[in-house]
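Survey of secondary and tertiary structure
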Amino acid sequence: GLTKFDQKAYSLPEHPYSITVGTAKIAKYLQDNSDKNDLIATNRHCAGPEENQTCTARQFALSALSERRVFLEGWSYTTCPLTEPISNQYWKEGNWKINQDFFTNPTIENWNTFSKSGVDWLVVDSTRPSVASFQDFAELVKSEGSVSLWKIKNPYQGKIFKRTNSCSGDSLSSQN
């Protein structure tokens, strides 16, 4: 396939603007085996070959196919303030940072902050930056294609931080 964003032609299904092979089966598993109020975290946010804060953030397959909430997925079609509607920076920089830090270098410290979001599942796309295992925090449930599903071992049981204004710049922080 070739789009105006492509520098070269990609063969399908490896095209970087497509969903990753395995996403649909993992999402279906979540739809069938998770609670409708569960929260998923993922390391895939962008359509295209890069994963950063100014990417084409139009990746919604996980939330759409699983019918579950996702802590941070694509944000391009949000109603919140945008500087540029297609390639825009995510306005909750702290949430972006803690999500990416956990997926690329999970530690007790960043997990203690990240877990307060109420995350129940991790969906890891190995075509994006991440470590190979989350066994200190979650149990591997299933792998399909380049995507793996992890169930959080000890979900956070405290009060989950909720916002009344979802478009505010407030982000998760390590404060109690």
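No experiment lies behind these values; they were computed from the predicted model shown. Throughout this document, residue positions are counted from 1 along each chain, in the order its sequence is written. The predicted nature of this model means local features are confined to residues of pLDDT at least 70 and side-chain atom pairs, given and counted, to a pLDDT of 80 or more, with totals for whole chains, interfaces and linings taken over all residues. Each side-chain value is worked out from all heavy atoms of the structure, with water and hydrogens disregarded.

Regarding the overall build of the chain
For the record, the criterion: Numbering goes from the N terminus for both helices and strands, where a helix is a DSSP run of H or I of at least four residues and a strand is a run of E of at least two. Burial classes: relative accessible area under 20% of the type maximum marks a residue as buried, over 50% as exposed, and values in between as partly exposed (1.4 Å probe, protein chains only). Here the accessible surface of atoms and residues is derived via Shrake-Rupley with a 1.4 Å probe, and residues count as covered only by protein chains that are part of the display.
In terms of regular secondary structure, the chain is built from four helices and five strands. Each helix and strand of the chain, ordered N terminal to C terminal, gives the series α-β-α-β-α-α-β-β-β. By the burial criterion, 44% of the 176 residues in the chain qualify as buried. For the chain, the accessible area works out to roughly 9,600 Å², and carbon and sulfur atoms hold 50% of it.

With respect to the nonpolar core
The criterion, for reference: Buried Ala, Val, Leu, Ile, Met, Phe, Trp, Tyr and Cys residues that are joined via side-chain atoms within 4.5 Å together make up what is termed a nonpolar core. Contacts: residue pairs with any heavy atoms within 4.5 Å of one another.
Among the nonpolar cores identified, the biggest contains 23 residues, and F114 and L122 are the most heavily contacted of them. Here the element with the most residues in this core is helix α3 (residues 93–104); it accounts for four residues. Ignoring sequence-local partners within four residues, the contact set of L122 consists of A41, F102, F103, F114, F134, A138, S148, L149, W150 and I152. Residues A27, L62, V70 and V147 belong to the second largest nonpolar core, which totals 10 residues.

Thoughts on the packing of aromatic side chains
Put simply, the test is: We call Phe, Tyr and Trp rings a pair once their centres come within 6.5 Å, taking the six-membered ring for Trp, and we label the pair stacked below 30 degrees between planes, edge-to-face above 60, and tilted otherwise. Two thresholds decide whether a charge sits over a ring: the Lys NZ or Arg CZ must be within 6 Å of the ring centre and within 35 degrees of the ring normal.
Tallied over the full model, the rule gives 11 aromatic pairs. Ring centres 5.7 Å apart and planes at 45 degrees place the aromatic pair W111 and F137 in the tilted group. A residue pair is termed long-range when its members are at least 10 positions apart, and W111 in helix α4 (residues 108–114) and F137 in the loop between β3 (121–125) and β4 (138–144) qualify at 26 residues. For W111, a relative accessible area of 9% gives the class buried. Between the aromatic rings of F134 and W150, the centroid separation amounts to 5.8 Å while the plane-to-plane angle is 75 degrees, which identifies the pairing as edge-to-face. With F134 in the loop between β3 and β4 and W150 in strand β5 (residues 147–152), this residue pair connects regions lying 16 residues apart in the sequence. Both residues of the pair, F134 and W150, belong to the buried class. The structure contains a cluster of three or more aromatic residues connected by ring pairs, namely F71, F102, F103, W111, F114, F134, F137 and W150. Looking at K151, its charged tip hangs above the ring of W121, at a distance of 4.6 Å from the centre.

Observations regarding the pairing of β4
Test applied: Paired strands are those between which DSSP finds at least two bridges.
Bridge count for β4 against β5 is six bridges, and the pairing is antiparallel. Within β5, the position partnered with L140 by the bridge is W150. Adjacent in sequence and paired antiparallel, β4 and β5 are bridged by two residues, among which G145 carries a positive phi angle near 55 degrees.

Points about the pairing of β3
Burial runs high along β3: five of the five residues are buried. By the alternation rule, side chains of β3 split into W121, V123 and D125 and L122 and V124, which are all buried. Bridging between β3 and β5 involves five bridges; their strand directions are antiparallel. In the strand pairing of β5, D125 is matched with V147.

Remarks on the environment of F114
When you line up the elements, F114 lands in helix α4. Classification of F114 as buried rests on a relative accessible area of 0%.

Concerning the sheet that holds strand β1 (residues 39–42)
So the rule is basically this: Lines fitted to C-alpha atoms define the axes, with helix axes restricted to the stretch in contact, and inter-axis angles between N-to-C directions lie between 0 and 180 degrees.
The strand order across the open sheet formed by five strands is β2-β1-β3-β5-β4, and the pairing between neighbours is mixed. Looking at strand neighbours, the two that pair on one side only are β2 (69–70) and β4, the edges of this open sheet. Examined bridge by bridge, β1 and β3 share three bridges and lie parallel to one another. Directly across from I40, in β3, lies its bridge partner W121. Docked against the sheet, helix α1 (residues 23–33) engages β1, β3, β4 and β5, running at close to 130 degrees with respect to β4.

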